[in-house]
Amino acid sequence: MKAEVINPFLESARNVFEQLIQVSPSTGSLGVKNVEYIADHVWIVIGMTGQLSGNIVFGINEQVALKIVSAMMGGFVITEMDEMSKSAISELGNMISGNASTILSNQGLWSILHLHK
């Protein structure tokens, strides 16, 4: 995987988290991995077609996802991943992917995103 494809997602995620929940995440060690679905995680899968094709997969520990959703809901404490919580965390994935897609488009790469439910 090339940095020019990954970096827009990292930049977008950082921007979305800063704007949406006022958290400034940092990047850990990067690498290409096979996705291993872990039971206590929330998974968002977004398909990408166009000049770039494949799946964008976000895996978030469920307790972290609940804290993110709580922040998205203005600090209202969310304790379970109900339909509203799932919708909110899906929207987070949409925002990150959409912003990254715009960055990629500005680099001359176009794509179409499809949320998998």
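All residue numbers refer to position in the chain's written sequence, counted from 1. In keeping with the model being predicted, local features are shown solely for residues with a pLDDT of at least 70 and side-chain atom pairs are shown and tallied solely at 80 or more, while totals for entire chains, interfaces and linings include all residues. Side-chain numbers come from the whole structure's heavy atoms, not from hydrogens or water.

Novice: I'd like a description of the packing of helix H1 (residues 3-21) against helix H3 (residues 83-106), backed by residues and values.
Specialist: It is the contact of H1 with H3, at a shortest axis distance of 8 Å, that shows an interaxial angle of 130°. With respect to each other, H1 and H3 are oriented oblique. Classified by chirality, the crossing of H3 by H1 is right-handed. Along its contact with H1, which presents Glu-4, Val-5, Pro-8, Phe-9, Glu-11, Ser-12, Ala-13, Val-16, Phe-17 and Leu-20, the element H3 presents Leu-92, Met-95, Ile-96, Ser-97, Asn-99, Ala-100, Ile-103 and Leu-104. Angles shown run from 0 to 180 degrees and are taken between the N-to-C directions of axes, each axis being a line fitted to C-alpha atoms and, for helices, limited to the stretch in contact. Numbering of helices and strands starts at the N terminus; helices are DSSP runs of H or I of at least 4 residues and strands are runs of E of at least 2. To sort the angles, those under 35 degrees are grouped as roughly parallel, those over 145 as roughly antiparallel, those from 65 to 115 as roughly perpendicular, and the leftovers as oblique. By convention the crossing between two helices is left-handed if the near helix lies anticlockwise of the far one by an angle smaller than a right angle, and right-handed if it lies clockwise. In what follows, residue pairs with any heavy atoms lying within 4.5 Å of each other are defined as contacts.

Novice: So what's going on with the packing of H1 against helix H2 (residues 62-72)? Which residues, and what values?
Specialist: Two numbers describe how H1 lies on H2: the axes approach to 9 Å, and their chain directions differ by 50°. The orientation of H1 with respect to H2, classified from their angle, is oblique. Between H1, through Phe-17, Leu-20 and Ile-21, and H2, the contact on the second element is made entirely by Ile-68, Ala-71 and Met-72. Under the grouping applied here, Gly and all other residues not named as nonpolar or charged are polar, the nonpolar ones being Ala, Val, Leu, Ile, Met, Phe, Trp, Tyr, Cys and Pro and the charged ones Asp, Glu, Lys and Arg. Considering only residue class, the contact of H1 with H2 consists of six nonpolar, no polar and no charged.

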